[in-house]
Amino acid sequence: MSFTPNAHWIGWVLALLCLLAAYRNGRRRWLIEKLPTSKTNPGLTGLVEMKGTAELDGPPLCSHLTRQPCFHYKWVVEEKWSCLTTEDGSITREHGWQKLDGGEERIPFRLKDDQGTIRVCPDGAKLEPVVFLQKICKKNDPLY
């Protein structure tokens, strides 16, 4: 006797996989929400969230598009595209965004708060920087 999967079993397997993914994402969200913000303490270990002001020991980076001094920058240039396709007499409009170029750079810095300072090596860290430039340009724009 051979087993051939039908739509009924495939649906149950997909539902189980979606349930497991939702459970995993829910646990991750709970961990992030319950994570306390720590002060600069030299005895920190494990997963921590810290808030403060970044200070540099040496020369800062110069961001790619805004030319502002910083310790971290990320930039992306995308182009919006659209086209019309015809199949069997019907016309379909397709559109989307295509990444043309981008990059990111970061250097170590000191994080300062009311308790002191701590050195941060940001490789692999999730940073939430301030957005300085987000612009949609036309062909006659100098930034284009």
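Structure: see above.
Residues numbered from 1 in each chain as written. Predicted model: local features only at pLDDT ≥ 70, side-chain atom pairs only at ≥ 80, totals over all residues. Heavy atoms only, no water.

## Re a nonpolar patch on the surface
Step number 1: A surface patch of nonpolar side chains, amounting to about 680 Å² of accessible area, comprises Ile10, Val13, Leu14, Leu16, Leu17, Leu19 and Leu20.
Step number 2: Summarising the element assignment, leucine 20 is placed in helix H1 (residues 7-34). (Patch = residues over 30% accessible without salt bridge, like charges linked within 9 Å, V, L, I, M, F, W, Y side chains within 5 Å. Areas by Shrake-Rupley, 256 points an atom, 1.4 Å probe, with all protein chains shown as cover. Salt bridge = Lys/Arg side-chain N within 4 Å of Asp/Glu carboxyl O. Helix = DSSP H or I, 4+ residues; strand = E, 2+ residues; numbered from the N terminus.)

## Some points on the sheet that holds strand S9 (residues 116-120)
Step number 1: One open sheet holds the 3 strands; their spatial order is S3-S8-S9, and the pairing between them is antiparallel. Since the sheet does not close on itself, it has two edges, and those belong to strand S3 (53-55) and S9, each with one partner. Here the strands of the sheet are splayed against their neighbours by 35° on average, with no regard to which way each runs.
Step number 2: Sheet topology places strand S8 (residues 109-113) next to S9; 5 bridges connect them, and they run antiparallel. Directly across from leucine 111, in S9, lies its bridge partner isoleucine 118. (Pairing = 2+ DSSP bridges. Axes fitted to C-alpha atoms, helices over the stretch in contact; angles between N-to-C directions.)

## Section: unusual backbone geometry
Apart from glycine, the bulk of residues carry a negative phi angle, and the bulk of peptide bonds sit in the trans form.
Step number 1: For arginine 67, which is not glycine, the phi torsion reads 55° and is therefore positive.
Step number 2: Judged by its relative accessible area of 56%, arginine 67 is exposed. (Buried < 20%, exposed > 50% of the residue type's maximum accessible area, 1.4 Å probe, protein only.)

## What about the pattern of salt bridges?
Step number 1: A complete count under the given rule lists 5 salt bridges for this structure.
Step number 2: Residue arginine 110 pairs with glutamate 55 through a salt bridge whose shortest N-O separation is 3.1 Å. Taken as a pair, arginine 110 in strand S8 and glutamate 55 in strand S3 lie far apart in primary sequence, 55 residues in all.
Step number 3: By relative accessible area, arginine 110 is classed as partly exposed at 24%.
Step number 4: A relative accessible area of 25% means that glutamate 55 is categorised as partly exposed.
Step number 5: In this structure, aspartate 141 engages lysine 135 in a salt bridge whose closest nitrogen and oxygen atoms are separated by 3.2 Å.
Step number 6: The class for aspartate 141 is buried, based on a relative accessible area of 18%.
Step number 7: A relative accessible area of 48% places lysine 135 in the partly exposed class.
Step number 8: Each of Glu55, Asp57, Arg110 and Lys112 takes part in salt bridges that share partners, so that together they form one network.

Geometry only, nothing functional implied.
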